[in-house]
Amino acid sequence: MFASTYPPRNSGVATFTQALSSATGEREIVALHPPGPNLLYPSEVHHRIRRDEPGDYARTARDLSRCADVVSIQHDHGIWGGDDGAAVLDFVHALDVPAVATLHTVLRLPTLNQRAVLLGLIRAAAATVVMSRSAAHVLVGTYGVAATSLELIPHGVPNLPLVDAETIKPVLDLAGREVILSFGRIGPRKGIELVIDALPAVVAARPTVCYVVLGATHPDLPEDEGKAYRRQLEARVTRLGIGRHVRFVDRFVGRVELTRWLEGADIVVTPYSNLDQVVSGTLSYAMGAGRAIVSTPYPHAAELLDGGRGVLIPPGSPAAWADALIGLLENNELRAAMGRRAHEHSRAMIWSNVASQYRQLFAQVVAASRIPARPMGSRLQGASAIVDAH
């Protein structure tokens, strides 16, 4: 049983949960339903929690004792109700079955309440999953969490073959273009302005370049604010005179279409201005497609792109970004080698491998819940080795 946002809700956590639940075969969902219009959920959604209805949390948790052995809780402060998502504690404390918490966000500088909520969830869960070493380090060093209570399981990616981008570009109306791609939910901390500011120099050196910004506005942004941000980006492009070299694709795309865009890209960029980001599904997916990647050095990027699997550039210098992008576009062999290394590294991250790790963890947690004298720390050693090794 998975408790999370879920499609048709268009968010990274929802997409993650759909892919993971499908890969594990445990497709029973408790959908966290946000305010707004009713959503038509697929048949695997057996329960709904209205995010802003406090009574829904404990009531639904009690109902799960009749149909679940373990509940996988997907956690991000913004998807659960209450201050900083505190309603997740009402849910987990009312469960009669063990819970496994997967942390999609670990803040390096949390408020007191954010810290209290996350620590409360970790203490109540039978096991906690992090998706990067940097997340484990933050939890141990900043939150005081015992490393033995953590499991490292990477963000999953589709099992994609290495594909020559030139064979895909005509399908995307990009034949003859050199393609730089940003994708994911669009918001002010995604760093798109940085790439736009670097683009005039890139265009001067590589006149066929096209920067594709793929994705709808982040759902947590108010509608007016999201539209205003997009207008600012478009105005920036116009002011720099690079309109023929930027394409905005303003919609949330499904797995099949996203695969085409990834495979048609020469370079994928994650220029995030938030250098505290410990997990990026966008970065993981780009690696899974075997693309060359240029990124700001947020923790997950520094971790995954080590060993020549990508290029890290500071966020404050459009000139440095232009140099990096030009260098890769001018060197096909370097770009291809970087993509191959990324693709090879990502094989451990394909959904079937990730699902196998989750299934094993779920089985361990259920078994341990039936032997009360056995402490969880004796079973979960993965993160302690990770923290000790770094």
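It should be noted that the structure appears before, not after, this text.
Within each chain, residues carry numbers counting from 1 in the order of the written sequence. Residue-level local features of this predicted model are given only where pLDDT is at least 70; pairs of side-chain atoms are given and counted only at 80 or more, and the full residue set underlies all totals for whole chains, interfaces and linings. The side-chain numbers reported here are obtained from all heavy atoms of the structure, hydrogens and water having been left aside.

Undergrad: Describe the overall build of the protein chain, naming the residues involved and giving the relevant values.
TA: Secondary structure is summarised from DSSP: a helix means a run of H or I of at least four residues, a strand means a run of E of at least two, and numbering begins at the N terminus for each. Helix and strand counts for the protein chain stand at 15 helices and 13 strands. Taken over the C-alpha trace, the protein chain has a radius of gyration of 21 Å; the compact-globule value for 390 residues is 21 Å, and the two agree within 12%. Its C-alpha atoms give the protein chain principal-axis dimensions of roughly 65 × 45 × 40 Å. With a 1.4 Å probe rolled over the protein chains alone, any residue whose accessible area is under 20% of its type maximum counts as buried; one over 50% counts as exposed, and the rest are partly exposed. Among the 390 residues that make up the protein chain, the fraction classed as buried is 54%. Look at the contacts in the protein chain between residues 6 or more apart in sequence, and 72% of them connect residues 24 or more apart. Of the accessible surface of the protein chain, which amounts to about 16100 Å², a share of 51% is contributed by carbon and sulfur atoms. Treating the 38 positive side-chain charges of the protein chain as one cloud and the 37 negative ones as another, the clouds have centres 2 Å apart. In this setup the radius of gyration rests on C-alpha atoms only. A globule is expected at 2.2 Å times the number of residues raised to 0.38. Residues are treated as being in contact if the distance between any of their heavy atoms lies within 4.5 Å. Residue burial considers only the protein chains on display, and all accessible areas are found by Shrake-Rupley using a 1.4 Å probe. Charged residues are defined narrowly, with Lys and Arg counted positive, Asp and Glu counted negative, and His plus the chain ends left uncounted. By convention, charge coordinates are those of NZ in Lys, CZ in Arg, CG in Asp, or CD in Glu.

Undergrad: Account for the side chain of glutamate 263, with residues named and values stated.
TA: Here glutamate 263 is to be found in helix α9 (residues 255-263). One buried charged residue, glutamate 263, forms no salt bridge at all, with the nearest opposite charge on arginine 291 at 6.9 Å. Non-local contacts of glutamate 263, meaning those with residues more than four positions away in its chain, are made with Leu160, Pro161, Val163, Asp164, Ala165, Ile168 and Arg291. Salt bridge, as used here: a side-chain nitrogen of Lys or Arg that lies within 4 Å of a carboxyl oxygen of Asp or Glu.

Undergrad: Account for the side chain of asparagine 274, naming residues and giving values.
TA: Within the secondary structure layout, asparagine 274 lies in the loop between β11 (267-270) and α10 (281-288). Throughout this description, a polar contact denotes any pair of N or O atoms lying within 3.5 Å of each other; where both atoms belong to protein, one of them has to be capable of donating a hydrogen while the other can accept it, and for residues adjacent in sequence the pair is counted only when both atoms sit in side chains. In this structure the side chain of asparagine 274 is engaged in a polar contact, spanning 3.0 Å, whose partner is the backbone nitrogen of aspartate 276. Sequence-distant contacts of asparagine 274, that is, excluding residues within four places in its chain, are made with Arg189 and Tyr298.

Undergrad: Explain helix α7 (residues 192-205) to me, and be specific about the residues and the numbers.
TA: Helix span is expected to be 1.5 Å times the residue number reduced by one. Taking 1.5 Å as the rise per residue, α7 with 14 residues should run 20 Å; its terminal C-alpha atoms sit 20 Å apart, in good agreement. To get the bend at a given residue, fit one axis to the seven residues ending there, fit another to the seven starting there, and take the angle between those axes. Roughly 40° is the biggest bend found in α7, and it falls at leucine 199, with proline proline 200 one to four residues downstream. The complete set of buried residues in α7 reads Ile192, Glu193, Leu194, Val195, Ile196, Ala198, Leu199, Val202 and Val203.

Undergrad: How would you sum up the sheet that holds strand β8 (residues 178-183)? Please name residues and give values.
TA: Pairing in this open sheet of 6 strands is parallel, and the strands run β10-β9-β8-β11-β12-β13 from one edge to the other. Strands with a single pairing partner mark the edges of an open sheet, and in this sheet they are β10 (246-249) and β13 (311-312). Here 6 bridges tie β8 to strand β9 (residues 209-214), and the two strands are oriented parallel to one another. Opposite glutamate 178, over in β9, you have valine 209 as the bridge partner. Axis lines are fitted through C-alpha atoms, for helices just across the contact stretch, and the angle between N-to-C directions can take any value from 0 to 180 degrees. Running over the sheet, helix α12 (residues 318-330) touches β8, β9, β11, β12 (292-295) and β13 and is turned about 175° from β12. Along the sheet, helix α13 (residues 332-345) makes contact with β11, β12 and β13, crossing β12 at roughly 90°. In this description, strands pair whenever DSSP reports at least two bridges between them.

Undergrad: Please provide a residue-by-residue account of the packing of α7 against α12, values included.
TA: At a minimum axis separation of 8 Å, α7 and α12 run at an interaxial angle of 50°. The angle between α7 and α12 places the two elements in the oblique class. The two elements α7 and α12 meet at a crossing, and its hand is right-handed. Judged by residue contacts, Leu194, Val195, Asp197, Ala198, Ala201, Val202 and Ala205 of α7 engage Pro318, Trp321, Ala322, Leu325, Ile326 and Leu329 from α12. Split into classes, the residues belonging to the contact of α7 with α12 amount to 12 nonpolar, no polar and 1 charged. Relative orientations are named as follows: roughly parallel for angles under 35 degrees, roughly antiparallel for angles over 145 degrees, roughly perpendicular for angles from 65 to 115 degrees, and oblique for any other angle. Take the far helix as the reference: if the near one is turned anticlockwise from it by less than a right angle, the crossing is left-handed, and if turned clockwise, right-handed. Basically, the charged four are Asp, Glu, Lys and Arg, the nonpolar ten are Ala, Val, Leu, Ile, Met, Phe, Trp, Tyr, Cys and Pro, and anything else, Gly included, counts as polar.

Undergrad: Describe α12, with residues and values.
TA: In a regular helix each residue adds 1.5 Å, so 13 residues correspond to 18 Å; α12 covers 18 Å between its end C-alpha atoms and thus fits that length. Buried residues of α12: Trp321, Ala322, Ala324, Leu325, Ile326, Leu328 and Leu329, and no others.

Undergrad: Break down the environment of leucine 107 for me, with residues and values.
TA: Checked against the element boundaries, leucine 107 lands in the loop between β5 (99-103) and α4 (112-124). Owing to a relative accessible area of 26%, leucine 107 belongs among the partly exposed residues under this scheme. Spatially, the C-alpha atom of leucine 107 lies 7.1 Å from that of aspartate 276, the residues being 169 residues apart in sequence. Once residues within four sequence positions are removed from consideration, leucine 107 is found in contact with His77, Gln114, Val138 and Tyr143.

Undergrad: Which residues make up the nonpolar core, and what values go with them?
TA: To form a nonpolar core, buried Ala, Val, Leu, Ile, Met, Phe, Trp, Tyr and Cys residues must be joined to one another through side-chain atoms within 4.5 Å. Ranked by size, the top nonpolar core spans 96 residues in total, and within it Val71, Ile73, Phe91, Leu95 and Leu139 carry the most contacts. The greatest single-element share of this core, amounting to 7 residues, is contributed by helix α14 (residues 351-369). With near-sequence residues (within four places) excluded, valine 71 lies in contact with Met1, Ala3, Leu64, Phe91, Leu95, Val97, Pro98, Ala99 and Val100. Counting residues in hydrophobic clusters, the runner-up holds 31 residues, among them Leu199, Val237, Val294 and Ala324.

Undergrad: So, the sheet that holds strand β1 (residues 2-4): which residues are in play, and what are the values?
TA: Spatial ordering of the open sheet is given by β3-β2-β1-β4-β5-β6-β7, a layout of 7 strands whose pairing is parallel. A single partner strand is all that each edge strand has here, and the edge strands are β3 (45-50) and β7 (150-152). Direction aside, neighbouring strands of the sheet carry axes that sit 25° apart on average. Packing of helix α3 (residues 87-94) onto the sheet brings it into contact with β1, β3, β4 (71-75) and β5, and relative to β4 it is tilted by some 170°.

Undergrad: With reference to specific residues and values, describe the pattern of salt bridges.
TA: On inspection of all chains with the given rule, the structure shows 12 salt bridges. Lysine 169 is the salt-bridge partner of aspartate 266, the closest N and O atoms lying 2.7 Å from each other. Here the residue aspartate 266 occupies a position in the loop between α9 and β11, and lysine 169 occupies one in the loop between α6 (165-168) and β8, the gap between them amounting to 97 residues. You can call aspartate 266 buried: its relative accessible area is 7%. Given the relative accessible area of 1%, lysine 169 is considered buried. Between arginine 230 and aspartate 250 there is a salt bridge, and its shortest N-O distance comes to 3.2 Å. In this pair, arginine 230 sits in helix α8 (residues 223-240) while aspartate 250 sits in the loop between β10 and α9, placing the two residues 20 residues apart along the sequence.

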